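Results of the structural survey
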Amino acid sequence: MHVVFVGTGGSWPSPERNVTSVAVRIGPEVILLDCGEGTQRQLMSSSVSFMKISRIFVSHFHGDHFLGLPGLIQSMALNDRKEPLEIYGPAGIVELMKSLLGLGYFKPTFEVCVEELEPGERVEFERYSVTCALADHSVPCYAYGIEESPRPGKFNKARAMELGIPEGPSFSRLQSGESVTLPDGKVVEPSMVLGAPRKGRKLVFSGDTKPCDSVSALASGCDLLIHDATAAADNEDKANTYGHASARQAAALAMNAGVRMLALVHISPRYEDAAPLLEEAKAIHPNCILPKDLDEVEVPLSQD
Ligand SMILES: [Zn+2]
Ligand SMILES: [Zn+2]
């Protein structure tokens, strides 16, 4: 699970930061969380192939989170995309996409499947599931939790040798969940040589929000929380009034929710230097980053 911070600013773009978008690579797939204006240009400068994006999850319908969609989809069509593209969001996304795709003379060359999610809904895919939770913003806004499917348990090589399994392809077959028949006809099931399945990694993206219980619950024990950190402590009240969080509030929420790593995003364009925000957050949650645009982070596998 690899994360590329495509745009880390909030509200409007600044010379330092583009508006919100996060790309998550899981296996061969790329998922996009929000797609603010200019996202496609950012992607061109990143390690992510915009043609590989399979699904886009939109948090809410403020321009800094969705205005990049029509341009990105038009570029996919100009590059001859054939694979369908799935777009998910709160109620109203179907109507919104109809308007955006109806602009100008554009005709998509591929299917754009748009789905409205209910708060709390969980969608299952081949390699992961995505759960949405209602954030606390000035308009309906979703936080999204992406959870990898459980990984197979640890392979017990000593046990496999004891059972007389020859080292080589049989080991990989057992590790990938297939049973193996030995020359004497004995069948070895994967459960005989594998430990209990291990948890997949979990990432949560808050969308725009002031600190709230539903995002905290969604983020409980997650490996990486990417949270609204619009303001520094001295502007906290104002940020909260507009449905945003301060960096230190994001850190406190992450700490209470047992989050392993916190990434602060949606930085207000007023901060040319966002170092004080990181400092305030780190005083509360030590494992905290404030990524620049196009920074990347690999979500580490948990040890258990
Ligand atoms: Zn925003
Ligand atoms: Zn917003």
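Rules of the game
Residues numbered from 1 in each chain as written. Chains lettered and ligands numbered in written order. Predicted model: local features only at pLDDT ≥ 70, side-chain atom pairs only at ≥ 80, totals over all residues. Heavy atoms only, no water. Donors = N, O, S within 2.8 Å, 3.2 Å for Na, K, Ca; no water. Tetrahedral: all angles 85-135°; square planar, octahedral: opposite > 155°, others 65-115°. Helix = DSSP H or I, 4+ residues; strand = E, 2+ residues; numbered from the N terminus. Salt bridge = Lys/Arg side-chain N within 4 Å of Asp/Glu carboxyl O. Buried < 20%, exposed > 50% of the residue type's maximum accessible area, 1.4 Å probe, protein only. Axes fitted to C-alpha atoms, helices over the stretch in contact; angles between N-to-C directions. Parallel < 35°, antiparallel > 145°, perpendicular 65-115°, else oblique. Left-handed = near helix turned anticlockwise from the far one by under 90°. Contact = heavy atoms within 4.5 Å. Nonpolar A, V, L, I, M, F, W, Y, C, P; charged D, E, K, R; others polar. Pairing = 2+ DSSP bridges.

At 2.1 to 2.2 Å from the zinc ion (ligand 1) lie its protein donor atoms, namely D64 (OD), H65 (NE2), D208 (OD) and H266 (NE2). Geometry at the zinc ion (ligand 1) is irregular, judged from the four donor atoms that bind it and their angles of 86 to 169° at the metal. Linear spacing of the donor residues for the zinc ion (ligand 1) on their chain is D-H-x142-D-x57-H. Between the zinc ion (ligand 1) and the zinc ion (ligand 2), the interatomic distance is 3.5 Å, and D208 donates to each metal, bridging them. Here H266 lies in the loop between strand 14 (261–265) and helix 10 (275–282) and D64 lies in helix 2 (residues 63–66), a separation of 202 residues in the sequence.

Our focus in this paragraph is the pattern of salt bridges. Within this structure, the stated rule accounts for 14 salt bridges. Notably, a salt bridge pairs R201 with E148, separated by 2.8 Å at the nearest N-O pair. Of this pair, R201 sits in the loop between strand 11 (187–188) and strand 12 (202–205) while E148 sits in strand 9 (residues 142–148), and the two are 53 residues apart along the sequence. Of the residues examined, E148 reaches a relative accessible area of 13% and is grouped as buried. When salt bridges that share partners are traced, they join E29, R55, E86 and R127 into one network.

Right, let's talk about the packing of helix 3 (residues 69–78) against helix 4 (residues 93–101) for a bit. Packing of helix 3 against helix 4 brings their axes to within 10 Å, and their N-to-C directions diverge by 60°. Of the possible angle classes, the one that applies to helix 3 and helix 4 is oblique. In this structure, helix 3 crosses over helix 4, and the sense of that crossing is right-handed. Touching L69, P70 and I73 of helix 3 are M97, L100 and L101, all from helix 4. Counted by class, the contact of helix 3 with helix 4 contains six nonpolar, no polar and no charged residues.

As a general point, the strands of a sheet are linked pairwise by backbone hydrogen bonds and lie either parallel or antiparallel. Pairing in this open sheet of seven strands is mixed, and the strands run 6-5-4-3-2-1-16 from one edge to the other. Looking at strand neighbours, the two that pair on one side only are strand 6 (112–116) and strand 16 (296–298), the edges of this open sheet. For this sheet the average axis-to-axis angle between neighbouring strands, irrespective of direction, equals 20°. The pairing of strand 4 (residues 53–57) with strand 5 (residues 85–89) spans three bridges and is parallel. Bridge pairing in strand 5 links F57 to Y88. Across the sheet, helix 4 touches strand 5 and strand 6, and the angle it forms with strand 6 is around 150°.

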